[in-house]
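# Fold and geometry: a report
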Amino acid sequence: MSRIIPYPTHAHALDNGLEVIQVPMPSNGLTAYWSIVRTGSRDEYEAGRTGFAHFFEHMMFRGTERYPADVYQRILTEIGADANAYTTDDLTAYHVSMASEDLETVIELESDRFKNLCYSEADFETEAGAVYGEYRKSRTDPTFTLHEAVVEAAFDVHPYGHTTMGYEADIAAMPKLYEYSREFFARYYRPDNTTLLVAGDVDPDRVLRMVERHYGDWEPGYRAPPIPEEPAQQAPRRVDVAYDGRTLPIVWLAYKIDAFDPANRRRVAADLLADLAFGPTSEAYRRLVLDEQIVEHLDAGAAANRDPGLFDIFARVKDPAKIDHVLDVIDGTIAAHRHAPPDAERLAPMKSRLKHGFLMGLETPDSVAQRAARYVAVGRGLDALEALYAAYDRVTPGDVRDAAAYLAPERRTVGVLRGRE
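The structure reproduced in this document is the subject of the present report. Since this is a predicted model, take the numbers as computed values, not measurements.

## Some details on the pairing of strand 1 (residues 10-13)
Relative to strand 2 (residues 19-24), strand 1 is paired through 4 bridges, and the arrangement is antiparallel. Residue pairing for strand 2: alanine 13 is matched across the bridge by glutamate 19. Here strand 1 folds back onto strand 2, and the loop between the two strands holds 5 residues, one of which, glycine 17, carries a positive phi near 95°.

If you want it as structure tokens, here you go:
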């Protein structure tokens, strides 16, 4: 069987549960070092305690007693390394790109902050205030504002009902929750909830020895949180959002869909359905974007989530008077795909485009890690990514028609955002 990742891969687990995945590849002496924590906003299941996964994306740069924040940054600057982080619903990722000769320096720095993060209550309050400022800035983005409203309307109990930023009231109250922040860190920042992904000009045996030396004493203790199961949606939902500013209208349709699972043919086919129905070569795109020119941007996609998530259809409409027409065209497109399978002649190029689009994004060690990170977190390793692309090859037109059954009216939430006149 051909593999989607065109480089050798090595996977190993330390005794404390820390997983280490390595992708040696030609890179002109560069290496990407990613620490992937399998915790995101999905794990914020307690009332009044949302936003902490994203908060630690900030706090992890506060340093330790051995390497305070200014020392950590100075060392990275001296070796010419580039460090950053991001948070999603299912994971938080910390990534550093550097010359391969400096890899052990980075391993020492990263292992130290994951084991010994240290911050005062005053530092905590300062950073919590900064996070609230980031939230308020995000609220000026109409797309974020609509997304926040749609997911809250779509989910009744599952934490996917709040964005990665968290609920505003929880973020505003965060400065008073210093002790809880320590509990959150101790609960989720454990080796048995973390994967190291190292790509680039590396010697796997040498890297593994360095990892064992610096992470071997990290105490395990992760316990899976009691994430509530979302009940089946029984009827369509709708939320209308008035945006306090000038913007083009946006329509967002979100349908409940199964969790990421390469063995689920219908779920795998949904990825191809998104492109076939609403991609740049689709009939809906030709009509709304090119011929009628009433939509500025049209896109669709199915989220690869640990738990059942959403299949999203997004359109930015040029004329508020055309919103209902755009929704009618989307509904007609869905009805057509639920009624009949696509032509095999259209499906084959979509598979090829999906595969080659992925391969084209594997040019550097950092891009390899970036492409793989979600699947490492959600699927617990690169085997899930390989299984997904093998499954794409097996998708039939009938599978795509079956996937369109996800897009039933009773499974959807429609969000419409309008700006100020």
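Once you've had a look at it, read on.
## Topic: unusual backbone geometry
At asparagine 28, a position not held by glycine, the phi torsion is positive, near 55°. Tracing the backbone shows asparagine 28 in the loop between strand 2 and strand 3 (30-37). Under the relative-accessibility criterion, asparagine 28 is labelled exposed at 82%.

## Some remarks on the nonpolar core
Counting 72 residues, the largest nonpolar core has Leu197, Val251, Phe278, Phe311, Ile313 and Val326 as its most contacted members. The dominant element in this core, judged by the number of residues it contributes, is helix 9 (residues 265-278), at 9 residues. In contact with phenylalanine 278, other than residues within four places in its own chain, are Leu273, Ala284, Tyr285, Leu298, Ala300, Ile313, Ile330, Thr333 and Ile334. Counting residues in hydrophobic clusters, the runner-up holds 54 residues, among them Phe55, Met60, Met165 and Phe185.

## Details of the packing of aromatic side chains
A complete count under the given rule lists 29 aromatic pairs for this structure. Consider the rings of phenylalanine 56 and tyrosine 189, whose centres lie 5.9 Å apart with planes at 45°: the pair is tilted. Placement of the pair is phenylalanine 56 in helix 1 (residues 52-59) and tyrosine 189 in the loop between helix 7 (178-188) and strand 6 (194-200), with a sequence separation of 133 residues. Classification of phenylalanine 56 as buried rests on a relative accessible area of 0%. Relative to tyrosine 222, the ring of tyrosine 188 lies with its centre 6.4 Å away and its plane at 45°, an arrangement referred to as tilted.

## What to know about the layout of surface pockets
One simple way to see leftover space: roll a probe sized like a water molecule over the atoms. Estimates place the volume of the largest pocket at around 1,300 Å³. Lining the largest pocket are 48 residues, and of these Gly301, Ala302, Ala303, Ala304 and Arg374 sit closest to its centre. Elements supplying a minimum of two residues to the lining of the largest pocket: strand 4 (82-87), helix 5 (142-154), helix 9, strand 9 (295-302), strand 10 (309-317), helix 12 (344-360), helix 13 (365-379) and helix 14 (382-394). If you tally residues by element for the lining of the largest pocket, the top one is helix 9, at 6 residues. When its residues are assigned to classes, the lining of the largest pocket shows 24 nonpolar, 14 polar and 10 charged.

## Some words on the environment of valine 251
Within the fold, valine 251 resides in strand 8 (residues 250-257). For valine 251, a relative accessible area of 0% gives the class buried. Beyond its immediate sequence surroundings of up to four residues, valine 251 is in contact with Leu146, Ile313, Phe314, Ala315, Val317, Ile323, Val326, Leu327, Gly415 and Val416.

## Details of the packing of helix 12 against helix 14
The N-to-C vectors of helix 12 and helix 14 enclose an angle of 155°; their axes lie 9 Å apart at closest approach. Relative to helix 14, helix 12 is oriented roughly antiparallel. The handedness of the crossing between helix 12 and helix 14 comes out as left-handed. Along its contact with helix 12, which presents Lys351, Leu354, Lys355 and Phe358, the element helix 14 presents Leu385, Tyr389, Tyr392, Asp393 and Arg394. Classifying every residue of the contact of helix 12 with helix 14 gives 5 nonpolar, no polar and 4 charged.

## A short note on helix 11 (residues 323-339)
Between its terminal C-alpha atoms helix 11 stretches 24 Å, which fits the 24 Å expected from 17 residues at 1.5 Å a residue. Listed as buried for helix 11 are Ile323, Val326, Leu327, Val329, Ile330, Thr333, Ile334 and His337. Buried residues along helix 11 cover an arc of 160° about the axis, so they all sit on one side. In helix 11, the exposed positions angled more than 90 degrees off the buried face are occupied by Asp328 and His339.

## What about the packing of helix 9 against helix 12?
Where helix 9 contacts helix 12, the axes come no closer than 10 Å and their chain directions differ by 115°. By the angle between their directions, the pair helix 9 and helix 12 is classed as roughly perpendicular. By crossing handedness, the relation of helix 9 to helix 12 is classed as right-handed. When helix 9 is examined against helix 12, the residues Leu272, Asp275 and Leu276 are found in contact with a partner set consisting of Arg346, Leu347, Met350, Lys351, Arg353 and Leu354. Of the residues that constitute the contact of helix 9 with helix 12, the class distribution is 5 nonpolar, no polar and 4 charged.

## A short note on the pattern of salt bridges
Counting across every chain of the model gives 28 salt bridges. Arginine 74 is the salt-bridge partner of glutamate 78, the closest N and O atoms lying 3.1 Å from each other. Of this pair, glutamate 78 and arginine 74 both sit in helix 2 (residues 69-78), 4 residues apart, which is roughly one turn of the helix. When its relative accessible area of 57% is taken as the criterion, glutamate 78 is described as exposed. Ionic pairing is found between aspartate 331 and arginine 412, a salt bridge with its closest N-O pair at 2.7 Å.

Rules and cut-offs
- Residues numbered from 1 in each chain as written.
- Predicted model: local features only at pLDDT ≥ 70, side-chain atom pairs only at ≥ 80, totals over all residues.
- Heavy atoms only, no water.
- Pairing = 2+ DSSP bridges.
- Helix = DSSP H or I, 4+ residues; strand = E, 2+ residues; numbered from the N terminus.
- Buried < 20%, exposed > 50% of the residue type's maximum accessible area, 1.4 Å probe, protein only.
- Core = buried A, V, L, I, M, F, W, Y, C linked by side-chain atoms within 4.5 Å.
- Contact = heavy atoms within 4.5 Å.
- Phe/Tyr/Trp six-rings, centres within 6.5 Å; stacked < 30°, edge-to-face > 60°.
- 1 Å grid on protein atoms, 1.4 Å probe; cavity = no way out; pocket = protein on both sides within 12 Å on 5 of 7 lines; lining within 4 Å.
- Points joined across faces, edges and corners; volume = space filled by probe spheres on them.
- Nonpolar A, V, L, I, M, F, W, Y, C, P; charged D, E, K, R; others polar.
- Axes fitted to C-alpha atoms, helices over the stretch in contact; angles between N-to-C directions.
- Parallel < 35°, antiparallel > 145°, perpendicular 65-115°, else oblique.
- Left-handed = near helix turned anticlockwise from the far one by under 90°.
- Expected span 1.5 Å × (residues − 1).
- Arc of directions from axis to C-beta.
- Salt bridge = Lys/Arg side-chain N within 4 Å of Asp/Glu carboxyl O.

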